[in-house]
Amino acid sequence: MTNTTDITNHIILVTGAASGIGKQIAAQLAAQGAEVIAADLNLEALEALKSEVNKANFHIKKVDFNNDQSIISLVSEVENQIGPIKGLINCVGILGKSGMLSEDIDLVNFDLVYQINLRAALVLSMQVLKAMKPRGYGRILQLASISGKEGNPGLVAYSVTKAGLIALVKAQGKEYAPFGITINALAPALIDTPMTASFEPEQRQYLESKIPMNRLGTVEEVASLAAWIISPACSFTTGFAFDLTGGRATY
Ligand SMILES: NC(=O)c1ccc[n+]([C@@H]2O[C@H](COP(=O)([O-])OP(=O)(O)OC[C@H]3O[C@@H](n4cnc5c(N)ncnc54)[C@H](O)[C@@H]3O)[C@@H](O)[C@H]2O)c1
């Protein structure tokens, strides 16, 4: 077993890579020498990112998390055209409608948040696990949230689906522990990204006030932890939700 953070030439699929956290992670992993596939629904933004990164080890793919077949095709295309996936970092996530009490939840919107944040994450992991298992190595990281650990008011759909992601990695982590595959989640508090900018001002203030460090996290802080979790060095931790909350969660 090599206890190294070196990910040179590792094929790593990063979803949600057109914006915010996923974008930073994809660019950083490519700078570290990984063979990165940046996937997202927003192809235009991916193309702009590809020109910005400007490296032969940076590939882009369109995927729609609202369509199972699109996710299945993404994984098979990466495996067939680029090579065996060693790491998956799933950063796709939507907030959905927020700010209302539970009695006023729009159930159609709840179903959409569930589809994108949880069901699609499961479908994606199923395809990737099938490919990784016979090879005896793999790293999977799901972007969850502090909302999934503590619940945030006015964010029921988001909180529920992020809690689901944490349970998903706990169950899958145990299932795939004997196969050399680690499966973890990252649970950040507020990180400065376009998603955060879409919060209602009072909601944002409330969430920010709960962070003992009195600031938002940065995408760079998320990317450095993610780069370690996705490396061979993260070899004895699985089914865990890593904290990144400036002290909000101490567990
Ligand atoms: N920003 C935060 O404060 C914060 C905190 C905790 C957790 N997270 C989680 O981190 C992840 C990334 O968040 P972010 O702030 O970078 O968000 P973001 O909105 O900046 O990026 C999300 C990306 O997902 C893509 N996407 C949305 N719907 C899609 C679909 N149907 N198919 C494919 N791609 C789709 C978007 O195009 C976008 O590029 C999310 O899962 C989010 O829930 C964010």
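Higher on the page you've got the structure.
Residues numbered from 1 in each chain as written. Predicted model: local features only at pLDDT ≥ 70, side-chain atom pairs only at ≥ 80, totals over all residues. Heavy atoms only, no water.

Colleague: How should I be thinking about the overall build of the protein chain in this particular structure?
Modeller: Across its full length, the protein chain holds nine helices and seven strands. Its C-alpha atoms give the protein chain a radius of gyration of 17 Å, near enough to 18 Å, the size a compact globule of 251 residues would have. Expressed along its principal axes, the backbone C-alpha trace of the protein chain runs to roughly 45 × 35 × 30 Å. Expressed as a percentage of its 251 residues, the buried residues of the protein chain come to 51%. Taking as baseline every contact in the protein chain between residues at least 6 positions apart, the subset at least 24 positions apart corresponds to 72%. When the accessible surface of the protein chain is split by element, carbon and sulfur atoms take 54% of a total near 11200 Å². Put simply, the protein chain has 20 plus and 23 minus side-chain charges, and the middle of one group is 8 Å from the middle of the other. (Helix = DSSP H or I, 4+ residues; strand = E, 2+ residues; numbered from the N terminus. Rg over C-alpha atoms; globule rule 2.2 N^0.38 Å. Buried < 20%, exposed > 50% of the residue type's maximum accessible area, 1.4 Å probe, protein only. Contact = heavy atoms within 4.5 Å. Areas by Shrake-Rupley, 256 points an atom, 1.4 Å probe, with all protein chains shown as cover. Lys, Arg positive; Asp, Glu negative; His and termini not counted. Charge placed at Lys NZ, Arg CZ, Asp CG, Glu CD.)

Colleague: Even after reading the chapter, I still don't get the site of the ligand, so can you show me in this structure?
Modeller: Residues in close proximity to the ligand total 29 residues, the closest being Ser-19, Asp-40, Tyr-158, Ile-191 and Thr-193. A distance of 2.9 Å is found between a nitrogen atom of the ligand and a backbone nitrogen or oxygen belonging to Phe-65. Backbone polar atom of Ile-191 to an oxygen atom of the ligand: 2.7 Å apart, as the coordinates give it. Starting from 830 Å² of accessible surface for the ligand in isolation, the protein chains cover 90%. Its atoms largely coinciding with the cavity grid, the ligand occupies the largest pocket. Looking at the shell around the ligand, the elements that each hand over two or more residues are α1 (20-31), α6 (156-176) and α7 (194-197). Counting residues per element, the shell around the ligand draws most heavily on α7, at three residues. (Near = heavy atom within 4 Å. Polar contact = N/O pair within 3.5 Å; in protein donor to acceptor, adjacent residues only side chain to side chain. 1 Å grid on protein atoms, 1.4 Å probe; cavity = no way out; pocket = protein on both sides within 12 Å on 5 of 7 lines; lining within 4 Å. Sits in = over half its atoms within 2 Å of the grid points.)

Colleague: How should α1 be read in this particular structure?
Modeller: Along an α-helix, residues three or four positions apart point the same way, because every turn accommodates 3.6 residues. Taking 1.5 Å per residue as the helical rise, α1 with its 12 residues ought to reach 16 Å, and the 17 Å between its terminal C-alpha atoms agrees with that figure. Within the span of α1, buried status applies to Gly-20, Ile-21, Gly-22, Ile-25, Ala-26, Leu-29 and Ala-30. Just beyond α1, the residue with positive phi is Gly-33, at close to 100°. (Expected span 1.5 Å × (residues − 1).)

Colleague: Would you explain empty space enclosed by the protein in this entry?
Modeller: Vacant regions in the atomic arrangement are exposed by a probe of water-molecule size rolled over the atoms. All chains considered together, the criterion is met by one cavity of 30 Å³ or more. Around the largest cavity, the lining residues are Lys-97, Met-100, Ile-105, Asp-106, Asn-109, Phe-110, Gly-154, Leu-155, Val-156 and Ala-157. Secondary-structure elements contributing two or more residues to the lining of the largest cavity are α4 (107-132) and α6. By residue class, the composition of the lining of the largest cavity is six nonpolar, two polar and two charged. (Points joined across faces, edges and corners; volume = space filled by probe spheres on them. Nonpolar A, V, L, I, M, F, W, Y, C, P; charged D, E, K, R; others polar.)

Colleague: What should I look at first to understand the environment of Leu-207 in this one?
Modeller: Looking at the secondary structure, you find Leu-207 in helix α8 (residues 201-209). Owing to a relative accessible area of 7%, Leu-207 belongs among the buried residues under this scheme. Distance in space between the C-alpha atoms of Leu-207 and Pro-153 is 9.9 Å, their sequence separation being 54 residues. Look past the residues within four positions of Leu-207 in its chain and what remains in contact with it is Asn-152, Leu-155, Leu-190, Phe-199 and Arg-248.

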